[in-house]
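Now for the letters of each chain:
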Amino acid sequence: MTKAEFKERIKGLAFEVIKDRKKSEIAAVEYDELTKFPELKEIIINLLTADFDPFLSSIDWVAPRPTTFRINLRNDQNFYLIWMGRSWIAQVEGKKYYLLNLPEEERAVEAIARILRYGAPESEESADTDVDVDTGGGEEIDVEVDDTTDVEVEA
């Protein structure tokens, strides 16, 4: 690799890093908590990448001490991020992950990915749809109803 190729590669990588940073800054404007707490924005980017916006529904500040945030996902799942002064704790499905340790952070990312895989919740409209089911009897039965309440059945 020549010196010129090396410089071009570094320029390309720097452009990608700046592009991701701008993308996360634009997405962070939508969430008040991310603008008030830059450490929260940093940890969300660490856990969900700079493309966190398609996955987040909202962020709720639920407790002042220890500072606790509920991260609501678009599939009606959530997890908590707790600031302990020195480090963050992610609480996903009741299990706590101390994000100061890299293996714990990796397990937290896997747990968040798992709850993201649960998918979108079923809407009530899809649960109430009528489905025609063929019972497969093979015979057709015609029922005729007269106004005189007599019922004829032809088989």
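As the structure is a computational prediction, the values presented were derived from the model and not from experiment.

Participant: What is the right way to look at the overall build of the chain in this model?
Facilitator: Of the regular secondary structure elements, the chain holds five helices and seven strands. Sequence-ordered secondary structure for the chain, helices as α and strands as β, is α-α-α-β-β-β-β-β-α-α-β-β. Put simply, the chain has 155 residues, and 26% of those count as buried. Split by element, the accessible area of the chain, about 11,700 Å² in all, is 50% carbon and sulfur.

Participant: Would you mind showing me how to read the packing of aromatic side chains here?
Facilitator: Each aromatic ring pair is described using two quantities: the centre-to-centre distance and the angle formed by the ring planes. Tallied over the full model, the rule gives five aromatic pairs. With 6.3 Å between their ring centres and 25° between their planes, Trp61 and Phe69 make a pair best called stacked. Three or more aromatic residues joined by ring pairs make a cluster, and in this case those are Phe37, Trp61, Phe69, Trp83 and Trp88. Of note, Lys95 hangs over the ring of Tyr97, and the distance from its end group to the ring centre comes to 5.3 Å.

Participant: Looking at this structure, how should I read helix α3 (residues 38-48)?
Facilitator: Given 3.6 residues per helical turn, the α-helix brings residues three or four places apart onto the same face. Along α3, the positions that sit buried rather than exposed are Leu40, Lys41, Ile43, Ile44, Leu47 and Leu48. Buried residues in α3, looked at end-on, bunch into an arc of 170°, giving them a common side. Residues of α3 that are exposed and point more than 90 degrees away from the buried face comprise Pro38 and Glu42. A positive phi of about 70° marks Thr49, the residue just after α3.

Participant: Looking at this structure, how should I read the side chain of Glu105?
Facilitator: Turning to its location among the elements, Glu105 is positioned in helix α4 (residues 102-116). No salt bridge forms around the buried Glu105; measuring N to O, its nearest opposite-charge neighbour Arg107 is 11 Å away. Not counting residues within four places of it along the chain, the set of residues in contact with Glu105 comprises Asn46, Leu47, Tyr98 and Leu99.

Participant: Is there a simple way to think about the nonpolar core in this case?
Facilitator: For soluble globular proteins, the rule of thumb is that nonpolar side chains tend to be buried together. The biggest cluster of nonpolar side chains holds 24 residues, and the ones touching the most others in it are Leu40, Ile44, Leu47, Ile71, Phe79, Leu81 and Leu99. Broken down by element, the residue count for this core peaks at five residues, all from α3. Setting aside residues up to four positions removed in sequence, Ile71 forms contacts with Ile44, Leu56, Ser58, Ile59, Gln77, Asn78, Phe79 and Leu81.

Participant: Is there a simple way to think about a nonpolar patch on the surface in this case?
Facilitator: Taken together, the side chains of Met1, Phe6 and Ile10 present a nonpolar region at the surface, about 350 Å² in accessible area. Of note, Met1 is situated in the segment before α1 (3-28).

Participant: Before we go on, may I ask you to explain the sheet that holds strand β2 (residues 67-73) in this structure?
Facilitator: Each strand in a sheet pairs with another by means of backbone hydrogen bonds, the pair being arranged parallel or else antiparallel. Pairing is antiparallel across the open sheet formed by five strands, whose spatial order is β1-β2-β3-β4-β5. Of all strands in the sheet, those bounded by a partner on one side alone are β1 (56-64) and β5 (95-98). Averaged over neighbouring strand pairs, the angle between their axes works out to 20° when direction is ignored. As defined by bridge partners, β2 adjoins strand β3 (residues 78-83) across five bridges and the pair is classed as antiparallel.

Participant: Sorry, what's going on with the pairing of strand β4 (residues 88-92) here?
Facilitator: Across a regular strand the side chains alternate sides, sitting on one face of the sheet and then on the other. Burial of β4 is extensive: four of the five residues sit out of reach of the surface. Direction of pairing for β3 relative to β4: antiparallel, over a ladder of four bridges. Looking at β4, one finds that Tyr80 is bridged to Gln91. Linking β3 to β4, which pair antiparallel, is a turn of four residues; within it Gly85 sits at a positive phi near 90°. Bridging between β4 and β5 involves four bridges; their strand directions are antiparallel. Its bridge partner being in β5, Ile89 is matched across the sheet by Tyr98. Between the antiparallel neighbours β4 and β5 lie two residues, among them Glu93 with a positive phi of about 50°.

Conventions used here
- Residues numbered from 1 in each chain as written.
- Predicted model: local features only at pLDDT ≥ 70, side-chain atom pairs only at ≥ 80, totals over all residues.
- Heavy atoms only, no water.
- Helix = DSSP H or I, 4+ residues; strand = E, 2+ residues; numbered from the N terminus.
- Buried < 20%, exposed > 50% of the residue type's maximum accessible area, 1.4 Å probe, protein only.
- Areas by Shrake-Rupley, 256 points an atom, 1.4 Å probe, with all protein chains shown as cover.
- Phe/Tyr/Trp six-rings, centres within 6.5 Å; stacked < 30°, edge-to-face > 60°.
- Lys NZ or Arg CZ within 6 Å of the ring centre and 35° of its normal.
- Arc of directions from axis to C-beta.
- Lys, Arg positive; Asp, Glu negative; His and termini not counted.
- Salt bridge = Lys/Arg side-chain N within 4 Å of Asp/Glu carboxyl O.
- Contact = heavy atoms within 4.5 Å.
- Core = buried A, V, L, I, M, F, W, Y, C linked by side-chain atoms within 4.5 Å.
- Patch = residues over 30% accessible without salt bridge, like charges linked within 9 Å, V, L, I, M, F, W, Y side chains within 5 Å.
- Pairing = 2+ DSSP bridges.
- Axes fitted to C-alpha atoms, helices over the stretch in contact; angles between N-to-C directions.

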